[in-house]
Amino acid sequence: MKVTVANLRRALTLALSHFVGEGIGLCGRVLIGAQLLLVAFAVPFAVVAAELRAVTVLSYPDRPAKLPLWLAQDAGLFAKYGLNVEIKTPNSGEAIAEGARNHAADIYIATANWMVSAIGDGADLVFFANTGYSVLKLLAQPSITRTEQLRGKRVGTGEPGSSQDRITRETLRRLGLDADKDVTLVPFGSRSVLRVNALLKGEIDATTSNEDNIFDLERRGEINKVRVLADNDSLKLYIGAGVDFAATRNLLVSSRETVKKFTQALSEAIALARRDRGAANGIYTRYLKVSDSGLLEFMYRTYVQHAIPEKPYPKLDNVALGIAEFAAKPGLKGKSAETLTDSTLVRELEQEGFFAGLYPPR
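Thresholds, definitions, all that
Residues numbered from 1 in each chain as written. Predicted model: local features only at pLDDT ≥ 70, side-chain atom pairs only at ≥ 80, totals over all residues. Heavy atoms only, no water. Helix = DSSP H or I, 4+ residues; strand = E, 2+ residues; numbered from the N terminus. Buried < 20%, exposed > 50% of the residue type's maximum accessible area, 1.4 Å probe, protein only. Contact = heavy atoms within 4.5 Å. Areas by Shrake-Rupley, 256 points an atom, 1.4 Å probe, with all protein chains shown as cover. Pairing = 2+ DSSP bridges. Axes fitted to C-alpha atoms, helices over the stretch in contact; angles between N-to-C directions. Salt bridge = Lys/Arg side-chain N within 4 Å of Asp/Glu carboxyl O. Phe/Tyr/Trp six-rings, centres within 6.5 Å; stacked < 30°, edge-to-face > 60°.

Visitor: Would you mind showing me how to read the overall build of the chain here?
Guide: Counting its regular elements, the chain contains 17 helices and 10 strands. The proportion of buried residues among the 362 residues of the chain is 56%. Look at the contacts in the chain between residues 6 or more apart in sequence, and 80% of them connect residues 24 or more apart. With an accessible surface of roughly 15200 Å², the chain has 52% of that area assigned to carbon and sulfur atoms.

If you want it as structure tokens, here you go:
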């Protein structure tokens, strides 16, 4: 089965802050390093020659943590596992949800809340993998040195009820603060750069931010104007702007091996990027139009070596956040993150020694 999706176009946004926010569109094509060609040619001829199983994917937006998807495609890893993957890029998260409601693809790749929204409207999707998340920092005015000093202060957040607002509230909760009693929440739009600019102007006292804004501040020599109070690791918080993978339940039931092979290709792409920085840089240059060496180094360190996991287990917290946001939708009645998630594909690969083969002991 191959599904054709019409009138899909790629949005173009050049701002660095969009890497983990709304995303960056692809503009033009540049050559990828020879290492990708070598990997592609390494795919056995018999596999390439055989009829490949067609898989249609809807993916939005372009984010650094989607590197495994792009690398698996460009390095021929999907073909290696017998798959002919067609990646379609709509121009919004809502278009992803609409596609899921209309059965437009086999696999959907976006922040979990868009797919959860579609499930709430009747789409039958199951989350099976995750290749990264929004790199989160809690920034504050330099005079604030401890989280307790946030009491009574103004904290920038997203619009009430939005995913960003829930992330801000959960961040404060994990720091022992009540968002409704201990601080004053100041809502902005969804882009973290707006909140960071407000912090620099003194309009707010703290806000969560994506790490790319830290990179911008460092390059502009303004990093001393903020203080990092907490991050993903200290908060144990890995939600928001994630790269979540959901398949139709029909595909999982009728062709579970197809989804497993898709996951194998993603996992092998992650291992390739970790051992070959040139391959990762080539992907970021092609898909995100990044050519600055400093930015490439930052992205490799931040995402390939940190945020993108070796084993792409689905993240229940991402799904739970979406359920909380769209709980009023009838299709989510009685649903939980556990009932909408299937971790067995990655677990089977781990038990079969697949990851041990990708990362042999030195």
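Visitor: I'm lost on the sheet that holds strand E7 (residues 184-187) in this one. Help?
Guide: The strands making up a sheet associate through backbone hydrogen bonding, with each pair oriented either parallel or antiparallel. An order of E7-E6-E8-E5-E9 is seen for the 5 strands of this open sheet, with the pairing classed as mixed. The open sheet has two edge strands, E7 and strand E9 (227-231), and neither has a second partner. Between one strand axis and the next, the sheet turns by 35° as a mean value, whatever way the strands run. Alignment of strand E5 (residues 136-140) against E9, held across 4 bridges, turns out to be antiparallel. The residue bridging Ala140 from the neighbouring strand is Arg227, located in E9. Lying over the sheet, helix H7 (residues 163-174) contacts E5, strand E6 (154-157), E7 and strand E8 (206-210), oriented at roughly 140° with respect to E6. Set on the sheet, helix H9 (residues 211-220) makes contact with E5, E8 and E9; between it and E8 the angle comes to about 95°.

Visitor: Help me out: how do you make sense of the sheet that holds strand E10 (residues 244-248) in this one?
Guide: Read from one edge of the open sheet, 5 strands run E2-E1-E3-E10-E4, paired in mixed fashion. Pairing within the sheet leaves two strands with one partner each, and these edge strands are strand E2 (83-88) and strand E4 (125-130). Adjacent strand axes in the sheet meet at a mean angle of 25° when their direction is disregarded. Both strand E1 (residues 53-59) and strand E3 (residues 107-110) contribute to a ladder of 3 bridges, which runs parallel. The residue bridging Ser59 from the neighbouring strand is Ile109, located in E3. Against the sheet, helix H6 (residues 112-120) contacts E3, E4 and E10, and its axis sits at roughly 170° relative to E4.

Visitor: Sorry, what's going on with the pattern of salt bridges here?
Guide: Oppositely charged side chains may form a pair once their charged atoms are brought near each other. With the rule as written, the count across this model stands at 25 salt bridges. Notably, a salt bridge pairs Lys329 with Asp121, separated by 2.9 Å at the nearest N-O pair. Of the two residues, Lys329 sits in the loop between helix H15 (316-325) and helix H16 (344-351) while Asp121 sits in the loop between H6 and E4, which places them 208 residues apart along the sequence. Here Asp165 and Arg169 are joined by a salt bridge, their closest N and O atoms 3.2 Å apart.

Visitor: What's the story with the packing of aromatic side chains in this structure? I'm lost.
Guide: The geometry of two aromatic rings is summed up by the distance between their centres and the angle between their planes. If you walk through the whole model with that rule in mind, you get 7 aromatic pairs. When the ring of Phe78 is compared with that of Phe262, the centres are 4.8 Å apart and the planes differ by 25°; the resulting orientation is stacked. Remark: Phe262 occurs in helix H12 (residues 256-275) and Phe78 occurs in helix H4 (residues 77-80); sequence separation between them is 184 residues. On the basis of relative accessible area, Phe262 is assigned to the buried category, the value being 1%. Put simply, the rings of Phe78, Phe128, Phe245 and Phe262 touch in pairs and so form one group of aromatic residues.

Visitor: Would you take a moment to explain the environment of Glu211 for this structure?
Guide: Along the chain, Glu211 falls in helix H9. Discounting residues that sit within four places of it in the chain, Glu211 has contacts with Val135, Lys137, Phe298, Arg301 and Thr302.

Visitor: Explanation requested: unusual backbone geometry in the structure shown.
Guide: A cis amide bond links Tyr60 with the next residue in sequence, Pro61, at an omega value of -10°. Considering the arrangement of structural elements, one finds Pro61 in the loop between E1 and helix H3 (67-74). With a phi close to 55°, His103 is a non-glycine residue in the positive phi region. Its place among the elements puts His103 in the loop between helix H5 (93-101) and E3. According to the relative accessible area criterion, His103 is exposed, its value standing at 60%. Backbone geometry places Lys289, a non-glycine residue, at a positive phi of 55°. Position of Lys289 among the secondary structure elements: in the loop between helix H13 (277-288) and helix H14 (293-307). Assessed through its relative accessible area of 41%, Lys289 is described here as partly exposed.

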